[in-house]
Structure formats: C-alpha cells, structure tokens
Amino acid sequence: MALSSPSGGVRRARQLLHVSVLAQSASPCGRFLAAANDFGEIAIFGLSAALSAEAKEENRRAVAVVRAHNGPVYSLASTERLLLSGSDGEIRAWSWAELGRKGCRELWTRRPPCRSSLEVPEINGLEVNQRHELRGHQDLVHVVALREQLPQVLSGGEDGTVRLWDLRTGAQVQLIEVHKYQECSRPQLGKWIRCLATESDWMVCGGGPALTLWHLRSGTPTTVFGLAQPQHHALFHQDLVLSGGVGPALHLLQLSGDVRGKVPVTPAALRSLCLHPRSPEHQVLTVAGNSPKIDVFTNLGYRAFSLSFT
C-alpha cells in the first residue's frame, strides 16, 4: 500500500474530527508504537524520541502513516520481525524494519474463509501462536488472550461466553457463560464480552456484563467492579486491573474491587490500552480511543503528554 507523510488540509482536518484509534502495538525493541484507526491507517510513532527530555512537539507526531487497509484496522499484534494488522476479512503482515520507509508494502495478506460476502468477519483480535481453528462460539468473537506459560487461549464474544481452548489439540476445555451469573449480568446493556485479560489463574472480563475478576480453576467470579459503563479494554498491571471504556477516564482498580483512581484522558471513550515493558526509558502506558490523540502515561496518576495523528 502507499506510504504517505502526515499532511494538513481541510479534508484531513475534518477527517481527524471523527478518527478513532482502535488498536496499538509496541515494536519488539520498545522504541516505536504502531497505532491503527478506523480509516484504515497505521501510524508509526517514535516513542523513545517522544519520551526524551529534549523532545519537541514534532517528536509527538507520527513519523509515517501507512494506508494499510480499505476498511477500519481493528487489531494489531507484533512478533520479533512483523507487525500484523486485522481488518474486514483480512490480515496483513508488515516488516517492522520497513515501516516508515517510502514505498513500504505489506509482505503478505491472508483472508480467513467465509461462506459469503455477507459474512466477512471483522478481525477484532490477534494473538500469535500455534495454528488451530477453534470452533464453538455462536456469534462474533470480539477478543482473545493467551495464557502465559500455558498452551491455552481465552476468547470472548457476542454470545456472552468466555471459552478456554487447548492450543495443542484445538479442543474447548472450559466454558463460562458470564451473562448467566446474576452478580455480573446487566441485561439492559446486553451479554457481549468485549474486554478480556488473564494472569496466572485469574481472568478479568466485561462488556455488557459488569467488569469482573474470575478464578479460572474454579470458574467462579470473585470481584465485581462497580463501573456503570461498559468497558472496552482491560489488563493486569502489578496489583491492579486497568480498564477503559465509555467515558473519558482510565480506571485503576484494586483486586478487592476498590477504585484506586479515575484518571482523566483525552478520548471520549477508550478502545485500547498498551503497556510498554520494553521501553528503554520508562514503564509506559499508552491509551487510545475516540480521538486522534493517544495519551502517554509514565506515572499512572496523570497523563504526561499525547501523541497525535496528523
């Protein structure tokens, strides 16, 4: 696809008013951030340069923008060499070494099978692991999460279930019907599962149902977090759960259910949280959503600055 430098203009200014950043992924070296939006673009930011004490405003703009897909880019994932992007019915691979260079093109494109043009899937989640086709969900799958140090993956979807899969065989080994638990259920918001994260024997998930901490071995909910709005993304960080969804706030949640903090953010709704453990300067969190700006946190208590699509 064509590579273009960020540019101004009336049309672009109007487009940026409606941009949502749907996915993020850090480069293997930790120096760069890829962010994808609903106009099919992937922007590459020099995170190390933006974090430098000598950083200027131009260091916080994208160094390049790739027109990656014709439709929205819903998901991103990185390997040691590649950046993978998911859109409507297709996955593309890009070389991290080539991203940002003039004339950059995808290395390959894969299209999952679909029965008709009316059933083209949105590629909402990407995880890199062994190859299996996992069948069981009765509706759209919104999110997947690999279990560390175990050959297992969790998936959550529109059918209100979270399913645990054995990646060695492709078999489903556990089914949790989240929306059927009274303490989690919010039928007025639906049963869909949009956010899902796992650490050790624990899982956090939410969407229509309330954001909830689960013990996987027993398959029981242990903590229901008192957030009124649906949550779009959640992750574990040290002794906290971080989450964002409808509303301009990053939630810092203790595992007991107490809210440690509610930090204001630029986007009106959050779609993506990304921790950068390999960043050479700091432990960095970037948050993105319904805005062309991506907020950067070097301390969870406040936003340090914002990166920006231009």
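Residues numbered from 1 in each chain as written. Predicted model: local features only at pLDDT ≥ 70, side-chain atom pairs only at ≥ 80, totals over all residues. Heavy atoms only, no water.

A.B. asks: Account for the nonpolar core, with residues named and values stated.
C.D. replies: Residues Val21, Phe45, Ile294, Leu307 and Phe309 are the most contacted members of the largest nonpolar core, which totals 19 residues. Looking at this core, the element that brings in the most residues is helix α2 (residues 47-51), giving three residues. Residue contacts for Ile294: discarding those within four places in its chain leaves Val21, Gln24, Leu33, Ala35, Phe45, Thr286, Val287, Ala288, Phe305, Ser306 and Leu307. (Core = buried A, V, L, I, M, F, W, Y, C linked by side-chain atoms within 4.5 Å. Buried < 20%, exposed > 50% of the residue type's maximum accessible area, 1.4 Å probe, protein only. Helix = DSSP H or I, 4+ residues; strand = E, 2+ residues; numbered from the N terminus. Contact = heavy atoms within 4.5 Å.)

A.B. asks: Can you break down the pairing of strand β16 (residues 212-215) residue by residue, with the values?
C.D. replies: Where strand β15 (residues 202-207) and β16 come together, four bridges link them in antiparallel fashion. Along β16, the bridge assignment pairs Met203 with Trp214. What sits between the antiparallel neighbours β15 and β16 is a turn of four residues. Note: β16 against strand β17 (residues 220-224), four bridges, orientation antiparallel. The residue bridging Trp214 from the neighbouring strand is Pro221, located in β17. (Pairing = 2+ DSSP bridges.)

A.B. asks: Before we move on, can you summarise unusual backbone geometry with the specific residues and values?
C.D. replies: In the Ramachandran plot, Ser200 falls in the positive-phi region, its phi being about 55° despite a non-glycine side chain. Within the secondary structure layout, Ser200 lies in the loop between β14 (193-199) and β15. Of the residues examined, Ser200 reaches a relative accessible area of 56% and is grouped as exposed. Backbone geometry places Gln238, a non-glycine residue, at a positive phi of 55°. Relative to the helices and strands, Gln238 resides in the loop between β18 (231-237) and β19 (240-245).

A.B. asks: With reference to specific residues and values, describe the confidence of the model for the protein chain.
C.D. replies: For the protein chain, per-residue confidence averages 91 on the pLDDT scale, and residues scoring 70 or more make up 95% of the total. Note that residues 1-7 has pLDDT below 50 and, in this model, 26 contacts with residues that lie over four places away or in other chains. (pLDDT = per-residue confidence, 0-100.)

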